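# Observations on the three-dimensional arrangement
Residues per chain are reported as follows:
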Amino acid sequence: MSDTIIHVKGLTAKVKLNNGEMLTTVNNVEFSMVNGKSYAIVGKSGSGKTSLVSVLGLLNSSFEGEYFYENKLVNSMSDKSLSKLRSQKLGFVFQNYSLIEHLRVWENIELPLIYAKSKLNRQQRDDRIEELLKMVHLEDRKNDFPSNLSGGEQQRVSIARALAKNPKLLLCDEPTGALDSKAADELLQLFNAVNQEGQTILMVTHSTKAASHAKRVLFIKDGEVFHQLYRGNMNNEELYAKISDTLTMLTTGGEQNE
């Protein structure tokens with residue numbers, strides 16, 4: 001279990017509807033994630049993908065079941081400990097980029113280092129930002145405001161910002177959803193490169209192509225993880241075909257034979 005970053009068992013979450021009824025959005029989920037791997041969670045709108053990631057990202061602490069992060073039981077942590085874990089060990093990338101419009105690219109990336117009260121001195125912080133800008137190929141855009149960037153460039157800034165604190169886990173909610181195909185391909189190549197450097201990635205996506213870049217794909221329906229695919233020796237095209245077959249089964253209501 002030493003390489004396990006997340007393990008959940010019997011994980012269940014509910015939301016209260018306007019009429020007062022409780023809707024189960026995550027239902028008895030059990031799975032583990034290993035350091036350095038990339039994962040994709042796939043399912044239709046309303047299937048519970050974002051609700052699951054919200055719990056895993058400690059954005060929603062109202063859940064039942066057991067959640068272990070690096071073998072520590074999250075359920076028993078205080079709000080202060082949860083906040084510290086979230087700020088120090090988790091990075092987030094969202095579909096809408098969530099950049100601060102009145103801050104330049106450099107300042108957006110620097111922000112989490114300031115909020116986290118990083119022990120880096122000014123020069124070390126500058127070096128880290130330069131390193132991240134180079135990683136996302138935006139060295140020449142560091143003084144631009146987000147409004148001057150394309151969607152793909154804004155998303156690359158958000159990734160650099162998410163990686164600024166060297167998080168153990170990068171959580172991505174539909175990161176390619178607002179991008180054209182070219183920008184999405186560039187972003188997926190960036191994720192591949194980051195993962196090859198040892199970064200653990202969990203991506204929620206409705207895109208079969210995006211999911212085909214993961215090492216393991218989890219399919220969710222009605223809040224339940226009902227099937228998983230492991231890359232093994234498959235290339236992206238072969239995994240893409242397997243994912244497509246499973247999604248077809250999900251749509252038609254057929255049975256999965258594997």
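Data block above holds the structure.
Reference entry: report on the structure contained in this document. In this text, all values refer to a predicted model and were calculated from it rather than measured experimentally.

### Quick look at the layout of surface pockets
In this structure, the largest pocket spans a volume of roughly 440 Å³. Contributing to the lining of the largest pocket are 18 residues, with S87, L90, F92, P112 and K165 lying nearest its centre. Only α2 (79-89), β6 (90-94), α3 (105-115) and α5 (151-163) provide two or more residues apiece to the lining of the largest pocket. Considered class by class, the residues forming the lining of the largest pocket number 10 nonpolar, 4 polar and 4 charged. Taken as a whole, the second largest pocket encloses approximately 240 Å³ of empty space. Considering the residues around the second largest pocket, the lining is formed by R128, E131, M135, L163, N166, P167, A193, V194, E197, G198 and Q199. Going through the elements one at a time, α4 (122-135) and α6 (181-196) are the ones with two or more residues in the lining of the second largest pocket. Among the residues making up the lining of the second largest pocket, the classes are represented as 5 nonpolar, 3 polar and 3 charged.

### Observations regarding the packing of α3 against α5
Interhelical geometry of α3 versus α5 gives an angle of 30° and a closest axis separation of 7 Å. With respect to their mutual orientation, α3 and α5 come out roughly parallel. Taken as a pair, α3 and α5 cross one another with a handedness that is right-handed. Residues V105, N108, I109 and P112 of α3 form the contact with α5, whose participating residues are V157, A160 and R161. For the contact of α3 with α5, the per-class residue count stands at 5 nonpolar, 1 polar and 1 charged.

Cut-off values and rules
Residues numbered from 1 in each chain as written. Predicted model: local features only at pLDDT ≥ 70, side-chain atom pairs only at ≥ 80, totals over all residues. Heavy atoms only, no water. 1 Å grid on protein atoms, 1.4 Å probe; cavity = no way out; pocket = protein on both sides within 12 Å on 5 of 7 lines; lining within 4 Å. Points joined across faces, edges and corners; volume = space filled by probe spheres on them. Helix = DSSP H or I, 4+ residues; strand = E, 2+ residues; numbered from the N terminus. Nonpolar A, V, L, I, M, F, W, Y, C, P; charged D, E, K, R; others polar. Axes fitted to C-alpha atoms, helices over the stretch in contact; angles between N-to-C directions. Parallel < 35°, antiparallel > 145°, perpendicular 65-115°, else oblique. Left-handed = near helix turned anticlockwise from the far one by under 90°. Contact = heavy atoms within 4.5 Å.

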